[in-house]
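# What the coordinates show
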Amino acid sequence: MSGPINIASESEWSSLLSGTNVVIADFYADWCGPCKMIAPTFEALAKEHSRPKKVAFAKVNVDNQSGIARAQGVSAMPTFKIFHNGTCIETIKGANPPALTAAINNAVKLGGPATGNVFKTPGRTLGGESRSASLSKQWNLKAFFDALIAFFGLYFVSLFTFDPYKSAEDSPFNLHRKPAPRNTGGSQTAGGARAPPRSSFKTLADLGGD
């Protein structure tokens, strides 16, 4: 944003008032001590709030532009005048930075909303899926393919063995395969021989029934 405009003629002043929503003018003199003291505050506010055709800051040297100063009734320096649509709505006399800042902050609101990218966050397409729904579909597909692989694995294992049920039971594709029991001194048959474990599967269809 630009700083204040140094008014060089009455026509420039009139053009600025007629073509800008809000004009904040600083009527000053080069020999005025308080004018020099508050000048940095005015310039900083000008750089912060200036917007083309909406908010403008002007500096009017009362010695060089005495006609403008007289027309605005300026009799002491510094004098700050705020114009809205060409009409003076507020006057601040003297070097009072807090009062000037408060008045300008209120005045710039009359200039209208600032243009630019108001919405900076990315939007979503209508009908688009959320991330959680997408992840849910991915996991459902994974479970489906895991089950499919297990089915065909058990099928081929049982197809090429002499004991299909036993092979299916011991196959790594068996999703319900139980770990081998530990030897904890359980029941044994007469003569010390351990009884063979019973198969928990009766048919191939029972493998996925649990």
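As recorded by an unreviewed UniProt entry, the chain carries the name Probable thioredoxin and is attributed to Gibberella fujikuroi.

Our next topic: the confidence of the model for the chain. Looking at the chain, the pLDDT average stands at 77 and 58% of residues meet or exceed 70. Note that pLDDT drops below 50 for residues 117–123; the model gives that stretch 0 contacts with residues more than four away or on any other chain. Note on residues 184–191: pLDDT is under 50 here. Beyond four places in sequence and across chains, it has 7 contacts.

In this section: unusual backbone geometry. Among all residues save glycine, negative phi is the norm, and among peptide bonds the norm is trans. That bond from methionine 77 to proline 78 is cis: its omega, -5°, falls within 30 degrees of zero. When you line up the elements, proline 78 lands in the loop between α3 (66–71) and β4 (79–84). A positive phi angle, close to 55°, is found at asparagine 85, a residue other than glycine. With respect to the helices, strands and loops of the structure, asparagine 85 is situated in the loop between β4 and β5 (87–93). A residue is classified by how much of its surface remains accessible, and asparagine 85, at 54% relative accessible area, is exposed.

So, on to the side chain of threonine 79. By secondary structure assignment, the location of threonine 79 is in strand β4. What makes threonine 79 buried here is its relative accessible area of 2%. At a separation of 2.4 Å, a polar atom in the side chain of threonine 79 contacts the main-chain carbonyl oxygen of alanine 76. Not counting the four nearest positions on each side in its chain, threonine 79 is found in contact with Ala25, Asp26, Phe27, Val74, Thr91, Ile92 and Lys93.

So, on to the state of the cysteines. Evaluated as defined, the whole model comprises 1 disulfide. Residue cysteine 32 pairs covalently with cysteine 35 via a disulfide, S to S 2.5 Å. Here cysteine 32 and cysteine 35 share a disulfide; its torsion about the S-S bond, 80°, makes the bridge right-handed. Like cysteine 35, cysteine 32 is buried.

The subject of this paragraph is the nonpolar core. Within the largest apolar cluster, 19 residues are counted, with the highest numbers of intra-cluster contacts made by Ile7, Trp13 and Phe27. Broken down by secondary-structure element, the contributors of at least two residues to this core are α1 (10–19), β2 (22–28), β3 (55–61) and α3. Sort the elements by how many residues they give to this core and β2 lands first, with 4 residues. Apart from residues no more than four positions distant in its own chain, phenylalanine 27 is found in contact with Trp13, Val60, Val62, Ile68, Ala69, Gln72, Val74, Met77, Pro78, Thr79 and Lys81.

Residues Leu141, Phe144, Phe145 and Leu148 make up a contiguous nonpolar surface patch of about 400 Å² in total accessible area. Mapped onto the secondary structure, leucine 148 falls in helix α5 (residues 131–159). Relative accessible area serves as the criterion here: at 34%, leucine 148 is assigned to the partly exposed category.

Analysis parameters
Residues numbered from 1 in each chain as written. Predicted model: local features only at pLDDT ≥ 70, side-chain atom pairs only at ≥ 80, totals over all residues. Heavy atoms only, no water. pLDDT = per-residue confidence, 0-100. Contact = heavy atoms within 4.5 Å. Helix = DSSP H or I, 4+ residues; strand = E, 2+ residues; numbered from the N terminus. Buried < 20%, exposed > 50% of the residue type's maximum accessible area, 1.4 Å probe, protein only. Polar contact = N/O pair within 3.5 Å; in protein donor to acceptor, adjacent residues only side chain to side chain. Disulfide = S-S within 2.5 Å. Core = buried A, V, L, I, M, F, W, Y, C linked by side-chain atoms within 4.5 Å. Patch = residues over 30% accessible without salt bridge, like charges linked within 9 Å, V, L, I, M, F, W, Y side chains within 5 Å. Areas by Shrake-Rupley, 256 points an atom, 1.4 Å probe, with all protein chains shown as cover. Salt bridge = Lys/Arg side-chain N within 4 Å of Asp/Glu carboxyl O.

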